[in-house]
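Take a look at the letters that make up each chain.
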Amino acid sequence: MIFMLAIVLHSMGSFCSRQKPYNEADAEENEQAEEIERRIARETKAEQHIHKLLLLGAGESGKSTIFKQIKLLFQTGFDEAELRSYTSVIHANVYQTIKILFDGAKELTQNESDSSKYVVSCENKDVGEKLSDIGSRLDYPYLTKEIANEIKTLWNDAAIQEAYSRGNILQVPDCAQYFMENLERLSETDYVPTKEDVLYARVRTTGVVEIQFSPVGESRKSGEVYRLYDVGGQRNERRKWIHLFEGVRAVIFCAAISEYDQMLFEDETKNRMMETKELFDWVLKQACFEKTSFMLFLNKFDIFEQKVQKVPLNVCEWFKDYQPMASGKQEVEHAYEFVKKKFEELYFQSTKPERVDRVFKIYRTTALDQKLVKKTFKLVDETLRRRNLIEAGLL
Amino acid sequence: MPQYRQPPPPPPWALEGGGQVLDVETAVKDGILGATAGGGVLAGAAGEKLELKKMIDELDPLDDIPAVFICPISLDPMTDPVTLCTGQTYERGNILKWLSMGHLTCPTTMQELWDDTVTPNRTLLQLIHAWFSQRYLRAKKRAEDVQGRAAELVDTLRKAKGQTRVQALKELHQLVTVHSSTRKTVAESGGIGSVSSLLGPFTSHAVGSEAIGILVNLDLCSDSKANLMQPAKVSLVVDMLNEGTIETRINCTKFIEMLMEEKDFRSENVSSFSLLVGLLKLVKDKRHPNGISAGLGLLRMICSHKQVRSLIVSVGAVSQLVELLPHLNPESLEAALQILDDLSVIPEGQKALKDCQQTIPNAVRILVRVSETCTQHALSLLWAVCSLAPEECAPLAVEMGLAARLLLIMQSSCDPTVKQRSAELLKICSVNYSESHFISKCKLTRTIQ
């Protein structure tokens, strides 16, 4: 019996020792799993304090410019490497612009009744063809002084200027004038783009870009933490938006009010303002934005100011009931108030009564002006902070 | 070796045994009569009474007058205290009247008087005078102080930025609300212009809410008001009306009302969705009855401009106001009914009234119950609804007891148009019923009771 007991004990011993490494491995795994859980919990908690801001809007409404401005204002801005990375973009913009103008002038000679004013002068014709050719390539050459001078001469051609004045039907980018005027500087051999150059640079955003920042108050070091998402605005990019729609604190919807007489890049039969109107309506009705604050940036006011005195608002169907009242600065203000009221009307018509409680504010912006963007964002920040306090029952 | 120190000699006015002879000032100053630090003024006896009367009148009602200064007969502070032989002190006029009525007793002790002479109590008069003077001077100083402070703040506002600016505005807001004397100071030192210039498209809520709080308390001239009517400023006020605390909302409402009183006010300034939606939110906020009445007041004013009426209807004001009616106090009820009455004039308003389920019940309940004006308006609403869709609405109204009330109005009202309206409405309602059936519906027995 003792012998049997010894065997049993022995086998028990080995049995136990076989179990021990199993338990240890198990415990280690558990330990790791727990650590991961803890980390997930911590990060989720931290995430809750980060406010998600979404920049939405039609193509070329100024979303990316606002994005760049925020980067300049509240992060470390652009270092030299980043600035240099924009050189090729800026040069590309120059080539694209001059090509659009030259090809546009040709088109206008064919379609317009008084075609003679769009005919490029003989000495510039060849240069024009060459540049148009360059512009259609996938890779652009570096902008040398030589080419820059040729572009400059062509830009100054009367026909090209006439074509530029019809820019609204030709898809001429808004940065055209700025870059054309700075051609000497842009074509320097050791050209490093300035902050302003970078703000004007135009790249069609594709996909999603994000930055995290904290707006620094006057006497406070730490304010709220925001994460800003920038997206592409063209139609084919919009299907990617839906992935970002959860848990958004505020939508910053950019609408370029200067484009009431322009057509879409992706569909030249559609008026841009009408597109913006429909897009805004669509965004407002999204179920996930029930409690989201909406900040409407009526952008490109500087261009609007100039345009509204020459091109009446009624060319856009949405604004067809506009009655001009005065002239000069008063008229600009009157026109702006009219556009603002239209957007307000759209908001309240698209918003169900239960949702009327969400924050909706309209801001007049010129995304290229850093001071203005800073002031505007300060107001946005204040509104969101107050909203937080109200929701927490502290106000 | 420790030095022997002689105890200090007693002050010349100190009595043996520790008692003290006090002069009037000290008595008042050292708090024997409840006064604190300050100077007393001892005027000559002649001009004293008159000055004293003035100071008594201007005294802050919150200040507690010491009991010994009060005449037991009139319970007013004494301006000419006289003492009887019993040692009790009264106001001269009052005790002489008492004695002239034939009483020969001391009013407080009920003792019989052995001597009907009255002796002026100069000591007490001096004390009373000193106490009131002190209070008077202190109040005057405080009043002047606030005006000085207000002028200082207006000056600060010209240069301050950021947090300093917000703090200065907050303090000025406080001063202007509490001390009416500062309002003139602010106006005279150019404060209106400075504060108005702070309002613009980039004004933060903190600055804007205080600025409006200040402006609402001041008397603004037409020019200032015209300056404030710029669309950007009005937009700011509308935003704050939507987002601010209840005080800010009420201030914004009052501000807009103030602007609307100007002759050249254009109704387009208030035909803004945001404003109307904000006002409706304010009006529905049951926690703040002040807000409700302020909101209704402004809405009524806006509604009087015909061009804005369809906009008001389109934001759903009609149904929201109708549903609010049972919860309002009489004053607010009148305002709400006036608004609905104005809106019933346009076709969209009429339709909205008909579509709202609560219109008829709520309106019928108001008839005769509250006031003549409310009845008039309610009647007008019912008429608008029933004349639009008699088949639908009349039966419902009659079920609610409309007929009986209409009869009551026709009997009791003094206004012939009201009577006429009631009669017409009664006719509309009775169209579908036979006479006997209708009479039973009228529940006449109850009316007679």
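Note that the coordinates shown come from a computational prediction; the quantities given were computed from them, not determined experimentally.

### Observations concerning the overall build of chain B
So, point 1. When helices and strands are counted, chain B shows 24 helices and three strands.
So, point 2. Evaluated residue by residue, chain B yields a buried proportion of 46% over its 449 residues.
So, point 3. Long-range contacts, defined as pairs at least 24 residues apart, comprise 66% of the intrachain contacts of chain B with a sequence gap of at least 6.
So, point 4. Approximately 23,400 Å² of chain B is accessible, and the part contributed by carbon and sulfur atoms is 53%.

### Describing the environment of Lys419(B)
Residue and element names in this part refer to chain B.
So, point 1. Tracing the backbone through its elements, the reader meets lysine 419 in helix H22 (residues 416-430).
So, point 2. In sequence terms lysine 419 and leucine 408 are eleven residues apart; their C-alpha atoms lie 9.8 Å from each other.
So, point 3. The residues contacting lysine 419, other than those within four sequence positions of it, are Met410 and Ser413.

### With respect to the UniProt feature "domain: U-box" (unreviewed entry) in chain B
So, point 1. UniProt feature "domain: U-box" (unreviewed entry): in the numbering of this structure it lies at residues 64-138 of chain B.
So, point 2. Split by type, residues 64-138 of chain B is 35% helix and 11% strand. Its first and last C-alpha atoms lie 15 Å apart.

### Quick look at the pattern of salt bridges
Residues and elements named next belong to chain A.
So, point 1. With the rule as written, the count across this model stands at 37 salt bridges over all chains.
So, point 2. One salt bridge in this structure joins lysine 300 and aspartate 174, with 2.4 Å as the shortest N-O distance. With lysine 300 in the loop between strand S5 (293-299) and helix H13 (301-308) and aspartate 174 in the loop between helix H8 (167-170) and helix H9 (176-181), this pair connects stretches of sequence that are 126 residues apart.
So, point 3. A relative accessible area of 13% places lysine 300 in the buried class.
So, point 4. Taken together, the shared-partner salt bridges connect Arg235, Arg238, Glu266, Asp267, Lys270, Glu275 and Glu278 into one network.

### Here we look at the interface of chain B and chain A
So, point 1. Every contact between the two is made by 22 residues of chain B and, on the other side, 20 residues of chain A.
So, point 2. Buried area between chain B and chain A, summed over both chains or domains, comes out near 1,800 Å², and the portion from carbon and sulfur atoms is 56%.
So, point 3. Where chain B meets chain A, there are one salt bridge.
So, point 4. With a shortest N-O distance of 3.5 Å, Glu243(B) and Lys361(A) are connected by a salt bridge.

### Remarks on the packing of helix H12 (residues 273-284) of chain B against helix H15 (residues 317-324) of chain B
Residue and element names in this part refer to chain B.
So, point 1. Taken N-terminus to C-terminus, the directions of H12 and H15 make an angle of 10 degrees; their axes are 11 Å apart at the nearest point. Taken together, the axes of H12 and H15 are roughly parallel relative to one another. Counting all contacts with H12, which are made through Leu280, Val283 and Lys284, the residues of H15 involved are Ala317, Gln320, Leu321 and Leu324.
So, point 2. By residue class, the composition of the contact of H12 with H15 is five nonpolar, one polar and one charged.

### A short note on helix H5 (residues 122-135) of chain A
All names here are of chain A.
So, point 1. For H5, spanning 14 residues, the distance from its first C-alpha to its last is 20 Å, which sits close to the expected 20 Å at 1.5 Å a residue.
So, point 2. Along H5, the residues classified as buried are Asn124, Gly128, Leu131, Ser132, Ile134 and Gly135. The buried residues of H5 occupy an angular sector of 150 degrees when projected down its axis, which confines them to one face. For H5, the exposed residues set more than 90 degrees away from the buried face come down to Cys122 and Asp126.

### Topic: the nonpolar core
So, point 1. Formed by 149 residues in total, the largest nonpolar core has its most connected members in Phe304(A), Leu313(A) and Ile302(B).
So, point 2. Take this core: its biggest share by element is nine residues, from helix H14 (residues 329-350) of chain A.
So, point 3. Among residues more than four places away in sequence, those in contact with Leu313(A) are Tyr260(A), Phe304(A), Val308(A), Phe319(A), Tyr322(A), Ala335(A), Phe338(A) and Val339(A).
So, point 4. Core analysis: the second largest hydrophobic core is formed by 39 residues, Leu131(A), Leu143(A), Ile151(A) and Ile160(A) among them.

### Topic: the confidence of the model for chain A
So, point 1. Summary statistics for chain A give a mean pLDDT of 82 and a share of 91% for residues scoring 70 or more.
So, point 2. pLDDT under 50 marks residues 11-18 of chain A. Its contacts with residues more than four places away, or in other chains, come to zero contacts.

### Some remarks on the sheet that holds S5(A)
Residues and elements named next belong to chain A.
So, point 1. On the basis of which strands lie adjacent, the open sheet formed by six strands has the order S2-S3-S1-S4-S5-S6 and mixed pairing. Each edge of the open sheet is held by one strand with a lone partner, namely strand S2 (208-213) and strand S6 (360-364). When strand polarity is set aside, the average angle formed by the axes of neighbouring strands in this sheet is 20 degrees.
So, point 2. Sheet topology places strand S1 (residues 50-57) next to strand S3 (residues 225-231); six bridges connect them, and they run parallel. Of the residues in S3, the one forming a bridge with leucine 54 is tyrosine 229.
So, point 3. On top of the sheet, helix H15 (residues 370-391) reaches S1, S2, S3, strand S4 (250-256), S5 and S6; it is set at about 170 degrees to S5, its chief contact.

### Brief notes about the confidence of the model for chain B
All names here are of chain B.
So, point 1. With 84% of its residues at a pLDDT of 70 or more, chain B has an overall mean of 80.
So, point 2. At the level of individual helices and strands, chain B shows its lowest average pLDDT in helix H24 (residues 444-448), which scores 49, and its highest in strand S1 (residues 81-83), which scores 93.
So, point 3. A low-confidence stretch, residues 34-46 (pLDDT under 50), is modelled with 25 contacts involving residues beyond four sequence positions or located in other chains.
So, point 4. Interface confidence in the predicted complex, given as ipTM, is 0.74; pTM for the same model is 0.72.

### Examining the packing of aromatic side chains
Residue and element names in this part refer to chain A.
So, point 1. For the structure shown, the criterion picks out 30 aromatic pairs over all chains.
So, point 2. Taking 5.7 Å as the distance between ring centres and 40 degrees as the angle between the ring planes, the aromatic pair formed by phenylalanine 213 and tyrosine 226 counts as tilted. Here phenylalanine 213 is found in strand S2, whereas its partner tyrosine 226 is found in strand S3, with 13 residues between them in sequence. Here the two residues phenylalanine 213 and tyrosine 226 agree in accessibility, since each one is buried.

### Some thoughts on the UniProt feature "binding site: Mg(2+)" (unreviewed entry) in chain A
Residues and elements named next belong to chain A.
So, point 1. Sites flagged by UniProt as "binding site: Mg(2+)" (unreviewed entry) map to Ser64 and Thr205. Over a stretch of 142 residues, the named residues converge on one spot in the fold, their C-alpha atoms separated by at most 7.5 Å.
So, point 2. Positionally, serine 64 belongs in helix H2 (residues 63-74).
So, point 3. Those residues within four positions of serine 64 in sequence are excluded, and the remaining contacts are Thr205 and Asp230.
So, point 4. Tracing the backbone through its elements, the reader meets threonine 205 in the loop between helix H11 (195-200) and S2.
So, point 5. The class for threonine 205 is buried, based on a relative accessible area of 16%.
So, point 6. Those residues in contact with threonine 205, other than ones at most four positions away along the chain, are Ser64, Asp230, Val231, Gly232 and Glu237.

### Quick look at the side chain of Asn271(A)
All names here are of chain A.
So, point 1. By the secondary structure assignment, asparagine 271 is in the loop between S4 and helix H12 (272-284).
So, point 2. Here the side chain of asparagine 271 touches tyrosine 260 through a polar contact of 2.9 Å, landing on its backbone oxygen.
So, point 3. Polar contacts involving the side chain of asparagine 271 include one to the main-chain amide nitrogen of methionine 273, which spans 2.8 Å.
So, point 4. Not counting chain neighbours up to four residues away, the residues in contact with asparagine 271 comprise Glu259, Tyr260, Asp261, Gln262, Met263 and Cys316.

Conventions and cut-offs
Residues numbered from 1 in each chain as written. Chains lettered and ligands numbered in written order. Predicted model: local features only at pLDDT ≥ 70, side-chain atom pairs only at ≥ 80, totals over all residues. Heavy atoms only, no water. Helix = DSSP H or I, 4+ residues; strand = E, 2+ residues; numbered from the N terminus. Buried < 20%, exposed > 50% of the residue type's maximum accessible area, 1.4 Å probe, protein only. Contact = heavy atoms within 4.5 Å. Areas by Shrake-Rupley, 256 points an atom, 1.4 Å probe, with all protein chains shown as cover. UniProt positions renumbered as here; feature names shortened; annotations may be inferred. Salt bridge = Lys/Arg side-chain N within 4 Å of Asp/Glu carboxyl O. Buried area = accessible area lost by both parts, 1.4 Å probe. Axes fitted to C-alpha atoms, helices over the stretch in contact; angles between N-to-C directions. Parallel < 35°, antiparallel > 145°, perpendicular 65-115°, else oblique. Nonpolar A, V, L, I, M, F, W, Y, C, P; charged D, E, K, R; others polar. Expected span 1.5 Å × (residues − 1). Arc of directions from axis to C-beta. Core = buried A, V, L, I, M, F, W, Y, C linked by side-chain atoms within 4.5 Å. pLDDT = per-residue confidence, 0-100. Pairing = 2+ DSSP bridges. Phe/Tyr/Trp six-rings, centres within 6.5 Å; stacked < 30°, edge-to-face > 60°. Polar contact = N/O pair within 3.5 Å; in protein donor to acceptor, adjacent residues only side chain to side chain.

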